[in-house]
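The chain contents come next:
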Amino acid sequence: MPNQTTLYTMPGTCSLAANIAIAWIDAPVVVENMKYGDHKKDAYLAINPKGKVPAIKFADGDVLTELSAILAWLGAEHGGEGYARDSKLGRREAEALSFMTTEVHASYGPHFAAQNFANSESAQEEVKQAAYDTLKGHYQRMEDNLSSSNGEWYLGEKSFADTFLYVLVRWLDQTPLSLDDYPALAAHRDRMEQDQGVKTALARQDMEPMGG
């Protein structure tokens, strides 16, 4: 449809964070959930040549990619005063999202595509194990931060940092790490899954809650 802003997503990806953010602030953005593999087809590559989600296509044809940039735009354009980037919470949110995207998310590279880091199967297992060791430290840092922020919201107040934290906690189940070692993160996941905006985003992205 013309004259609309569209977020492109796929099940299981970090685009869920932007999807949740849209639901939280009721932003006028249409969510188009693609089947896995469609991100490598010509139709989507014409939108985002990197072949990754999320991406937002604006009514004028301009495109914005990268999760942290999309969340920043959503907050600035549709979030109101509560998401102002020049506020103390806004600055801390930007810092938290930077850590989650450049450190935690990036450390999943060998888990999702070990072949990009090593050739032999034995070497791939080594780089994957090294990644899990790194992730263990990252999750402990997020566990400690969440606990010190009263345990409900990652920054002590509701922010877009919680949308990506939820995604990262979901991904933990794919690794040898155990969520049982991170009780604050486990509780955060369960609370998020009681949130109507999260329920809406999961449904739009053909995903299911993971909590008990």
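As the structure is a computational prediction, the values presented were derived from the model and not from experiment.

Draft legend 1. Structural context of unusual backbone geometry. The omega torsion of the bond from Val53 to Pro54 falls at 5°, within 30 degrees of zero and hence cis. Within the element layout of this structure, Pro54 appears in the loop between α2 (42-45) and β3 (55-57). Its identity as a non-glycine residue notwithstanding, Asp206 has a phi of 55°, on the positive side. Tracing the chain through its elements places Asp206 in the segment after α9 (196-204).

Draft legend 2. Layout of the environment of Gly80. You can see Gly80 is positioned in the loop between α3 (67-78) and α4 (88-107). Judged by relative accessible area, which is 45%, Gly80 ranks as partly exposed. As a C-alpha pair, Gly80 and Gly37 span 43 residues in sequence and 36 Å in three-dimensional space.

Draft legend 3. Seen up close, the side chain of Thr13. Residue placement: Thr13 occurs in the loop between β1 (5-9) and α1 (15-25). Thr13 sits in the buried class, given a relative accessible area of 16%. Within the structure, the side chain of Thr13 is placed 2.7 Å from the backbone oxygen of Met10, a separation counted as a polar contact. Within polar-contact distance, the side chain of Thr13 engages the side chain of Ser15 at 2.5 Å.

Draft legend 4. The arrangement of the nonpolar core in detail. Core analysis: the largest hydrophobic core is formed by 56 residues, its most contacted members being Leu74, Tyr139 and Met142. Elements supplying a minimum of two residues to this core: α1, β2 (29-33), α3, α4, α6 (121-148), α7 (161-172), α8 (183-192) and α9. Per-element tally for this core: the top contributor is α7, with nine residues. Each residue touching Tyr139, except ones within four places of it in the same chain, is listed here: Val104, Tyr108, Leu168, Val169, Trp171, Leu172, Leu177, Tyr182 and Leu185. One finds Met34, Ile47, Val53 and Ala55 within the second-largest nonpolar core, a separate group that totals seven residues.

Draft legend 5. A look at the packing of aromatic side chains. Per the counting criterion, the structure on display carries seven aromatic pairs. Relative to Trp153, the ring of Trp24 has its centre 6.1 Å away and its plane inclined at 90°; by these criteria the two rings are edge-to-face. With Trp24 in helix α1 and Trp153 in the loop between α6 and α7, the pair connects residues that are 129 residues apart, well separated along the chain. Like Trp24, the residue Trp153 is buried in the burial classification. Ring geometry for Phe112 against Trp171: centres 5.4 Å apart, planes inclined by 80°, an arrangement best described as edge-to-face. Of this pair, Phe112 sits in helix α5 (residues 109-112) while Trp171 sits in helix α7, and the two are 59 residues apart along the sequence. Residue Trp171 is classed as buried on the basis of its relative accessible area of 5%. Cation over ring: Arg141 sits above Phe99, and NZ or CZ is 3.9 Å from the ring centre. Directly above the aromatic system of Trp24 lies the positively charged group of Lys158, at a separation of 4.2 Å from the ring centroid.

Rules and cut-offs
- Residues numbered from 1 in each chain as written.
- Predicted model: local features only at pLDDT ≥ 70, side-chain atom pairs only at ≥ 80, totals over all residues.
- Heavy atoms only, no water.
- Helix = DSSP H or I, 4+ residues; strand = E, 2+ residues; numbered from the N terminus.
- Buried < 20%, exposed > 50% of the residue type's maximum accessible area, 1.4 Å probe, protein only.
- Polar contact = N/O pair within 3.5 Å; in protein donor to acceptor, adjacent residues only side chain to side chain.
- Core = buried A, V, L, I, M, F, W, Y, C linked by side-chain atoms within 4.5 Å.
- Contact = heavy atoms within 4.5 Å.
- Phe/Tyr/Trp six-rings, centres within 6.5 Å; stacked < 30°, edge-to-face > 60°.
- Lys NZ or Arg CZ within 6 Å of the ring centre and 35° of its normal.

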